[in-house]
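What follows is the residue order along each chain.
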Amino acid sequence: MDDRYVILVGRWVVLTLGVFWSAFPIFMVVSSSFKTHLDIFAVPPKFIFQPTFDNYVLLFREWPQFLDGLVNSMIITVGATVLTAITSLLAGYAYSRFHSRLLTLSAFFMILVRMLPPIVVTIPLFPAVNAMGLSDTHAILILLYAAFFVSLATWILKTFIDQIPRELEEAAEVEGSSVWQRLVRVVLPLSVHGMVAACVFVVVFAWNEYVFALIFTSNEAKTAPLILAEISGAIEGVQWGILFAAASVQLLPILAFVLLVQKFIVTGITAGAVKG
Amino acid sequence: MSTLILEGLSKNYGEVEALIGVDLNVGDGEFIVLVGPSGCGKSTLLRCIAGLEKQSAGDIRIDDRSITGVQTRDRNVAMVFQSYALFPHLTVAENIAFGLRIRRTDKSVIEERVAHAAGLLGLGELTGRYPRELSGGQRQRVAMGRAIVRDPVLFLFDEPLSNLDAKLRVQMRTEMKALRQRLGITSIYVTHDQDEAMTLADRIVVMNNGRIEQIGTPMELYDAPVNLFVAGFMGSPPMNFIELHRKGGNSGAQLETASGQPVPLPERGLSPGVRSVVLGVRPEGLRIDDGGPLKGTVEVVEPKGSETQVFVRLDDLHLLCVTAGKRATFQPGDPVGIAFDATESHLFDTDSGQKITTEKGTAA
Amino acid sequence: MMFEDRKWLPIILISPVNALLALLIALPSVYIIWLSLNQSTFGSETTFVGLANYAQIFSDPIFWRSTINTFIVVNVVVYTELALALPLALALNTDFVGKGLVFSILIAPYAVTEVSAVVMWRYLFETDIGMFNMLLQSFAGFQLNWVRNPAHGLTLISILSIWIHLPFTLIILYSAISTVPVDMKNAARVEGATEWQVFRTVTMRFIMPAVLVALMFRYIFATRLFAEAWLLTEGGPARLTEVLGIYLYRAAFRYHDFGAAAATGLAMQMLSLLVASFYLYQLYKRMQADG
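All values derive from a computational prediction rather than experimental measurement.

Caption draft 1: Spotlight on the interface of chain A and chain B. Between chain A and chain B, the residue contacts involve 16 residues of the former and 22 residues of the latter. Together, A:Val174, A:Glu175 and A:Arg185 form the three largest contributors to the area buried by chain A at its contact with chain B, with a combined 38%. Summed over the shared surface of chain A and chain B, the number is two salt bridges. Two residues, A:Glu175 and B:Arg150, come together in a salt bridge whose shortest N-O distance is 2.9 Å. Taken together, chain A and chain B are joined by six residue pairs in polar contact (both at pLDDT 80 or more). Elements supplying a minimum of two residues to the side of chain A that touches chain B: helix H8 (166-174) and helix H9 (179-190) of chain A. For the side of chain A that touches chain B, the element with the most residues is H8(A), which contributes seven residues. Taken together, the residues that form the side of chain A that touches chain B break down as seven nonpolar, four polar and five charged.

Caption draft 2: Local environment of a negative patch on the surface. A grouping of B:Glu220, B:Asp223, B:Glu284 and B:Glu344 is seen on the molecular surface, where their side chains present a negatively charged patch. With respect to the secondary-structure elements, B:Asp223 resides in helix H7 (residues 218-223).

Caption draft 3: Spotlight on the packing of aromatic side chains. Counting across every chain of the model gives 52 aromatic pairs over all chains. Ring geometry for B:Phe157 and B:Tyr189: centres 5.4 Å apart, planes at 40°, overall tilted. Placement of the pair is B:Phe157 in strand S7 (residues 154-158) and B:Tyr189 in strand S8 (residues 187-191), with a sequence separation of 32 residues. Across the pair, B:Tyr189 and B:Phe157 agree in class, each one buried. Relative to C:Phe58, the ring of C:Tyr54 has its centre 6.1 Å away and its plane inclined at 45°; by these criteria the two rings are tilted. Note that C:Tyr54 and C:Phe58 are positioned in helix H2 (residues 52-58) at a spacing of four residues, about one turn of the helix. We classify C:Tyr54 as buried; its relative accessible area is 14%. An aromatic cluster of at least three residues, connected via ring pairs, comprises A:Phe126, A:Tyr145, A:Phe148, A:Phe149, A:Phe205, A:Phe212, A:Phe216, C:Phe226, C:Trp230, C:Tyr249, C:Phe253 and C:Phe258. Above the ring of B:Tyr222, the side-chain terminus of B:Arg282 is found at 3.9 Å from the ring centroid.

Caption draft 4: Here's a closer look at the domain arrangement of chain B. Residues and elements named next belong to chain B. Under the domain assignment used here, chain B contains domain 1 (4-228) and domain 2 (237-349). One C-alpha centre belongs to domain 1, the other to domain 2, and the line joining them spans 40 Å. Taken together, both faces of the contact between domain 1 and domain 2 bury some 560 Å²; the carbon and sulfur share is 62%. Our enumeration of links across domain 1 and domain 2 arrives at zero salt bridges.

Caption draft 5: Spatial organisation of the state of the cysteines. All names here are of chain B. With the rule as written, the count across this model stands at zero disulfides over all chains. Looking at Cys48, it has no disulfide partner, and the nearest cysteine sulfur is the one in Cys40, 13 Å off. You can call Cys48 buried: its relative accessible area is 0%.

Caption draft 6: Representation of the packing of helix H1 (residues 3-32) of chain A against helix H3 (residues 61-92) of chain C in the model. For the pair H1(A) and H3(C), interaxial distance at closest approach is 9 Å and the crossing angle is 120°. What the angle tells us is that H1(A) and H3(C) run oblique. The chirality of how H1(A) crosses H3(C) is left-handed. Between H1(A) and H3(C), the residues in contact are A:Arg11, A:Val14, A:Leu15 and A:Gly18 and C:Pro87, C:Leu88, C:Leu90, C:Ala91 and C:Leu92, respectively. Partitioned by chemical class, the residues of the contact of H1(A) with H3(C) number seven nonpolar, one polar and one charged.

Caption draft 7: Spatial organisation of empty space enclosed by the protein. Applying the stated rule across the entire model yields three cavities of 30 Å³ or more. The volume enclosed by the largest cavity comes to roughly 930 Å³. Lining the largest cavity we find 34 residues, and of these A:Phe149, A:Phe205, C:Glu114, C:His165 and C:Phe221 sit closest to its centre. Breaking the lining of the largest cavity down by element, the ones donating at least two residues are helix H6 (118-131), helix H7 (138-162), helix H10 (192-208), helix H11 (211-216) and helix H14 (262-275) of chain A together with helix H7 (150-178), helix H9 (195-223) and helix H10 (227-233) of chain C. Looking at the lining of the largest cavity, its residues break down into 23 nonpolar, five polar and six charged. Roughly 70 Å³ of internal volume is contained in the second largest cavity.

Caption draft 8: Fine view of the packing of H1(A) against helix H4 (residues 99-107) of chain C. Put simply, H1(A) and H4(C) touch, their axes get as near as 8 Å, and they point 45° apart. When the interaxial angle is binned, H1(A) and H4(C) end up oblique. As H1(A) runs across H4(C), the sense of the crossing is left-handed. Contact with H1(A), carried on its side by A:Leu15, A:Gly18, A:Val19, A:Ser22 and A:Ala23, involves C:Val102, C:Ile105 and C:Leu106 of H4(C) and no other residues of that element. When the residues that make up the contact of H1(A) with H4(C) are grouped by side-chain class, the tally is six nonpolar, two polar and no charged.

Caption draft 9: Structural view of the sheet that holds strand S18 (residues 318-324) of chain B. Residue and element names in this part refer to chain B. Taken together, five strands build an open sheet; the order of strands is S15-S19-S16-S17-S18 and the sheet is antiparallel. Two strands close off the open sheet at either side, each with one partner strand: strand S15 (286-288) and S18. Each adjacent strand pair in this sheet contributes to an overall mean axis angle of 45°, direction not counted. As paired elements, strand S16 (residues 294-303) and strand S17 (residues 308-315) share six bridges and run antiparallel to each other. Bridging across to S17, Val301 finds its partner in Val310.

Caption draft 10: Main features of the pattern of salt bridges. All names here are of chain A. Here the structure, examined in full by the defined rule, presents 25 salt bridges over all chains. For Lys222, the salt bridge identified is with Glu230, shortest N-O distance 2.6 Å. For Lys222, a relative accessible area of 17% translates into the label buried. Among the ionic contacts, a cluster of salt bridges with common partners joins Arg97, Glu169, Glu173 and Arg182.

Caption draft 11: How the structure looks around the pairing of S18(B). Residue and element names in this part refer to chain B. Among the seven residues in S18, five count as buried, and that is most of the element. Sheet topology note: the S17/S18 ladder contains seven bridges and is antiparallel. Residue Arg313 lies in a different strand from S18, and its bridge partner there is Leu319. Between the antiparallel neighbours S17 and S18 lie two residues.

Caption draft 12: Summary view of the nonpolar core. Counting residues in hydrophobic clusters, the biggest one holds 242 residues, and the most contacted among them are A:Phe216 and A:Ile231. Membership of the second largest hydrophobic core comes to 43 residues, among which are B:Ile96, B:Ala118, B:Leu123 and B:Ala201.

Parameters and conventions
Residues numbered from 1 in each chain as written. Chains lettered and ligands numbered in written order. Predicted model: local features only at pLDDT ≥ 70, side-chain atom pairs only at ≥ 80, totals over all residues. Heavy atoms only, no water. Contact = heavy atoms within 4.5 Å. Buried area = accessible area lost by both parts, 1.4 Å probe. Salt bridge = Lys/Arg side-chain N within 4 Å of Asp/Glu carboxyl O. Polar contact = N/O pair within 3.5 Å; in protein donor to acceptor, adjacent residues only side chain to side chain. Helix = DSSP H or I, 4+ residues; strand = E, 2+ residues; numbered from the N terminus. Nonpolar A, V, L, I, M, F, W, Y, C, P; charged D, E, K, R; others polar. Patch = residues over 30% accessible without salt bridge, like charges linked within 9 Å, V, L, I, M, F, W, Y side chains within 5 Å. Areas by Shrake-Rupley, 256 points an atom, 1.4 Å probe, with all protein chains shown as cover. Lys, Arg positive; Asp, Glu negative; His and termini not counted. Charge placed at Lys NZ, Arg CZ, Asp CG, Glu CD. Phe/Tyr/Trp six-rings, centres within 6.5 Å; stacked < 30°, edge-to-face > 60°. Buried < 20%, exposed > 50% of the residue type's maximum accessible area, 1.4 Å probe, protein only. Lys NZ or Arg CZ within 6 Å of the ring centre and 35° of its normal. Domains from an automatic or database assignment. Disulfide = S-S within 2.5 Å. Axes fitted to C-alpha atoms, helices over the stretch in contact; angles between N-to-C directions. Parallel < 35°, antiparallel > 145°, perpendicular 65-115°, else oblique. Left-handed = near helix turned anticlockwise from the far one by under 90°. 1 Å grid on protein atoms, 1.4 Å probe; cavity = no way out; pocket = protein on both sides within 12 Å on 5 of 7 lines; lining within 4 Å. Points joined across faces, edges and corners; volume = space filled by probe spheres on them. Pairing = 2+ DSSP bridges. Core = buried A, V, L, I, M, F, W, Y, C linked by side-chain atoms within 4.5 Å.

Right, here's the structure in full:
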């Protein structure tokens, strides 16, 4: 048989299996969130059924704290993203435009730090966070999430700012602008794509993160994944539907976001993998 | 309206000396063109005046006030960049208004001035467009608009026409000249194109290796270059150079070419120690004349329409360009003689390259 | 004047990022060395005990079990991901209708929190009633008994981990493959190479650096394994499916033995840095060269 047919057939087999592997678990959980508890484990599985919103109604009746969790997740995600964006823009600008031994060392430091496992820092941080009264606050999660993504975001922004010709800034300077005006009026508007590429990762991480939330929140600042885990731990037999509804509510917005910005994810992972 | 004085301006990047003791006085409203080969320091000089680079030594004064410690943004100069450096996220009007916005100028004033500048440059229809939607010439005009809109004390141009194609470049050069006569603002214009320099300048500054070689009006530089570099740089096609050696003893001895052709030149001005000199004659200072002292063979003939350039092979080292009449009928291979006018010839010291002043002799 | 004359400016610009990194990651990571030499209930009120914490964890069979589990899972996960991502990336390296959609679906698991991923895979492998377990039962005659059988538990943990992280590996390989010059592949074809030879001699050579980078990153990130394992088995049954992350978490937040947790943490750090050191060394040399 001709090489080309082998490749054509091989390509479609691989892609079909890949799509099934990636999509099937998500599809099953989301579709089952609209099933009655009898249909959820029906044999054979039902792919065509009368959708019901009972699970969603039950979810918000029995787990009102899930809504609080979503609100907390939203606040923390926005906070961590804004913090990451601002600090990384400044640093990315510095690494792009200035060169010195100190900067090289600090760039290396940023990459080194990113290699350290997050769960390890929880141990020394735990007493410190308690002592400062930051435990169970939005602030501590915002700070932690930002801290673990500023180095990636900085590198992504650096590579984007490298593409902005220096002459544009020189022109702005000749026209009378200070370094801050250049940042706001020239660099910022021209690195919007870089900002998106840099922020995508912290958005997804902050919305989905479990370990830090588990350790540093107890009540007020609990995030959606944490409540989701609680629902998961509390289910008995018939309550799978509620769990699926909760998982779907938590998943669908971020899934839509990821699919919307997938080009930036590719750019960002590529840039980040090359430099840090 | 302002004057600019540079005093002993030097700039080095580590070991590399980009500018070495540059002195220059620019009068009010004067249009100065800095010209020289790439890497000669002309752009560095411009950037020092703008404050984009900090000089290593020396002083820059505008209206007799030193601006050495003054930030670029407070120097109130305007600059047109080679790449135009238009802000891609802003419209034409916003690009032109950028400096005024930074200075928080009144909105109605901005509108009025932008409209005026756009009108002056023929950009009236385009103010709502973005730079990527403009042609090269239009972008160049927007860059000009940004420079003229806020009454700077000084215009700085960094090879503003070099990104345009040849035809547009000539057209923009003419427009630039008209504009400069109209605005009359003190300007420093950097280019590597000597045609541009000749056309635009009140005075030309020829630079090489970080130093000023000569300052003068276009005709002064053309007629009286002070050294080999300036002589060779200004004029197109360039000046012909012929190396001459002194034959025999000291005074009274003859100058001749490497191949031994004697060249009759008055040599009263030549100091006795000089063994060899370089004779420089522009193509229009040479003429084909079978009685001329230099003998050679026609190698290439290039009709230019209004005239014909004839390239004559003198010897292995020398191919001379001679401007001949419109209907010159020479053929490659023709043996010819070349005569030259001593009043249009220049003698340079072979070692230092400096001009040797001789008393004008008679035509050879 | 613009970029050279303001030595203080870059320092100001990078300080927020570096402050975040230093205060929240670097200092704690160093402080943990001290903490691992102390006895402490909640990380405060420390009593110096020398190497006692290390003696304690190194003599704890569960620590070694966690280490071995981590080692096995990390290797299985990293290499399986590579084996899955490479054919997918190759298959994607052409234009076809619906490619955007296919790519979107392939990277969708990146958007899923570990919590939901556990829910999804539990649903498919729930004992006796999960769809995949029923299929396994009828075709292979056994089920994945992840609740009771540690080997099965680790298998499901690995599957989960692969499922979540495959998009990362896929994206790195996909970007690398798309930069292989078509001309170079065509040149090989003109020279008479079969598609397999083209892949081996051109594509593979070209993407090797990216493969190594992907491997290194995945090794480092996979070592952090915690949430999937914790949410699925909590290390059970009888702490037999614990990985280092769980061992550390249990020591600190269940047994309040921060000294032992710190010692474990340091071991995890060393492991990560060991993997990273080769890459970091290369990177450092390159950055020195860049100035």
